[in-house]
Amino acid sequence: MFAVIKTGGKQYKVAADDILKVEKLPGEAGDILTFDQVLMVGNGADVTVGTPIVDGALVAAEYVETGKEKTVIIFKKRRRQNSRRRNGHRQLLTTVKITEILTGGAKPAAKVEAAPAAEETKAAPAEKKAPAKKAEPKTEAKAEAAPVKDDVKLIGGVGPALEKKLAALGVTSLTQIAEFTAEDIARVDAELSFKGRIEREDWIGQAKDLLAGKPPRAKADQK
């Protein structure tokens, strides 16, 4: 037995136990979903075509999960205009498992939820034995550890565009900038036409301060 359903502006031919990916639907894992836009129902040689839907027909499915598809790259370019735009899109799709194809106004079978209740009963004694005081030292230990964020954009005047240009030259961290030599400064100045910007804005000093845990100079100046 098969059916043709419509959801998310698309049509799908389904049968019992089929795994199907459709446009994102609300719900949680294990929920029973119903598709009432049934355009066709067939059982062997007996086929019923809807006008536009089949009266009393219904397709039930179990909600499995919602995830993202692979990234689709969208690239636009205008010739001779130095205009390029590159974007990505990841479509959200819901995975469902077809459980029943119903006709004549029948309703889907109710979901059995006895198993989760049994698991909760078994877990109750374990919760009583676990002391609550053991969690406090772990929380304090996590609060003490505050790693330094090694991000070149923390340097004053460095934004996402300049970050990409520096990455193209192999400069991706504050540690590298803090260890710049005179040759490194001359190379970056020549490649990016900085005209002494690194020394003028004291990038090396800013990088060392940031690695030492001090706030960015731009934010400190604002305060």
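Our structure's up above, just so we're on the same page.
These numbers come from a predicted model, not from an experiment.

### With respect to the overall build of the protein
In step 1: From N to C terminus, the protein includes eight helices and 10 strands.
In step 2: Counting only residues that meet the buried cut, the protein has 26% of its 223 residues in that class.
In step 3: Residue pairs at least 24 apart in sequence account for 59% of intrachain contacts in the protein once pairs closer than 6 positions are excluded.
In step 4: Surface summary for the protein: the accessible area is close to 16000 Å², and the carbon and sulfur share equals 51%.

### Observations concerning the side chain of Asp151
In step 1: Positionally, Asp151 belongs in the loop between α2 (135-144) and α3 (160-168).
In step 2: Asp151 gets classed as buried once you look at its relative accessible area, which sits at 14%.
In step 3: Setting aside chain neighbours within four positions, we find Asp151 in contact with Glu163 and Leu174.

### Re the side chain of Ser83
In step 1: Structurally, the position occupied by Ser83 is in strand β9 (residues 83-89).
In step 2: When near neighbours in sequence (up to four residues on either side) are disregarded, Ser83 contacts Lys76, Lys77 and Arg78.

### Quick word on the sheet that holds strand β4 (residues 32-35)
In step 1: In space, the four strands of this open sheet follow the order β3-β10-β7-β4, with antiparallel pairing throughout. If you trace the sheet from one side to the other, it starts and ends with β3 (19-23) and β4, each paired once. Within the sheet, the average angular offset between the axes of one strand and its neighbour, ignoring direction, is 45 degrees.
In step 2: When strand β7 (residues 58-68) meets strand β10 (residues 92-102), the two strands line up antiparallel, connected through 10 bridges. For Ala60, the partnering residue across the bridge sits in β10 and is Glu100.

### Considerations on helix α5 (residues 182-192)
In step 1: Looking at α5, one finds that the buried residues are Ile185, Val188, Asp189 and Leu192. The arc enclosing the buried residues of α5, seen along the axis, measures out at 100 degrees, which places them on a common side. Exposed and facing more than 90 degrees away from the buried side of α5 are Glu183, Ala190 and Glu191.
In step 2: In the core, the buried residues of α5 are packed alongside α3, α6 (197-200) and α7 (203-211).
In step 3: Positive backbone phi, approximately 55 degrees, marks Ser193, located one or two places after α5.

### Focus on a positive patch on the surface
In step 1: Taken together, the side chains of Lys77, Arg79, Arg80 and Arg84 present a region of like positive charge at the surface.
In step 2: Summarising the element assignment, Arg84 is placed in strand β9.

### Concerning the packing of aromatic side chains
In step 1: Evaluated as defined, the whole model comprises zero aromatic pairs.
In step 2: Looking at Lys13, its charged tip hangs above the ring of Phe2, at a distance of 4.7 Å from the centre.

### Regarding the nonpolar core
In step 1: Of all hydrophobic cores here, the largest spans 19 residues; its most connected members are Ala3, Ile5, Val14, Leu20, Val38 and Val59.
In step 2: Breaking this core down by element, the ones donating at least two residues are β1 (2-7), β2 (10-15), β3, β4, β5 (38-43), β7 and β10.
In step 3: Non-local contacts of Val14, meaning those with residues more than four positions away in its chain, are made with Met1, Phe2, Ala3, Ile5, Leu20, Val59, Ile98 and Ile101.
In step 4: By size, the runner-up hydrophobic cluster in this structure holds 18 residues, among which are Leu162, Leu166, Val171 and Leu210.

### Concerning unusual backbone geometry
In step 1: Backbone torsion omega between Thr51 and Pro52 reads 0 degrees, so that peptide bond is classified as cis.
In step 2: The topology assignment puts Pro52 in the loop between β6 (46-49) and β7.
In step 3: Positive phi is not limited to glycine here, since Asp17 has a value of about 75 degrees.
In step 4: Its location among the elements puts Asp17 in the loop between β2 and β3.

So, how was this worked out
Residues numbered from 1 in each chain as written. Predicted model: local features only at pLDDT ≥ 70, side-chain atom pairs only at ≥ 80, totals over all residues. Heavy atoms only, no water. Helix = DSSP H or I, 4+ residues; strand = E, 2+ residues; numbered from the N terminus. Buried < 20%, exposed > 50% of the residue type's maximum accessible area, 1.4 Å probe, protein only. Contact = heavy atoms within 4.5 Å. Areas by Shrake-Rupley, 256 points an atom, 1.4 Å probe, with all protein chains shown as cover. Pairing = 2+ DSSP bridges. Axes fitted to C-alpha atoms, helices over the stretch in contact; angles between N-to-C directions. Arc of directions from axis to C-beta. Patch = residues over 30% accessible without salt bridge, like charges linked within 9 Å, V, L, I, M, F, W, Y side chains within 5 Å. Salt bridge = Lys/Arg side-chain N within 4 Å of Asp/Glu carboxyl O. Lys, Arg positive; Asp, Glu negative; His and termini not counted. Charge placed at Lys NZ, Arg CZ, Asp CG, Glu CD. Phe/Tyr/Trp six-rings, centres within 6.5 Å; stacked < 30°, edge-to-face > 60°. Lys NZ or Arg CZ within 6 Å of the ring centre and 35° of its normal. Core = buried A, V, L, I, M, F, W, Y, C linked by side-chain atoms within 4.5 Å.

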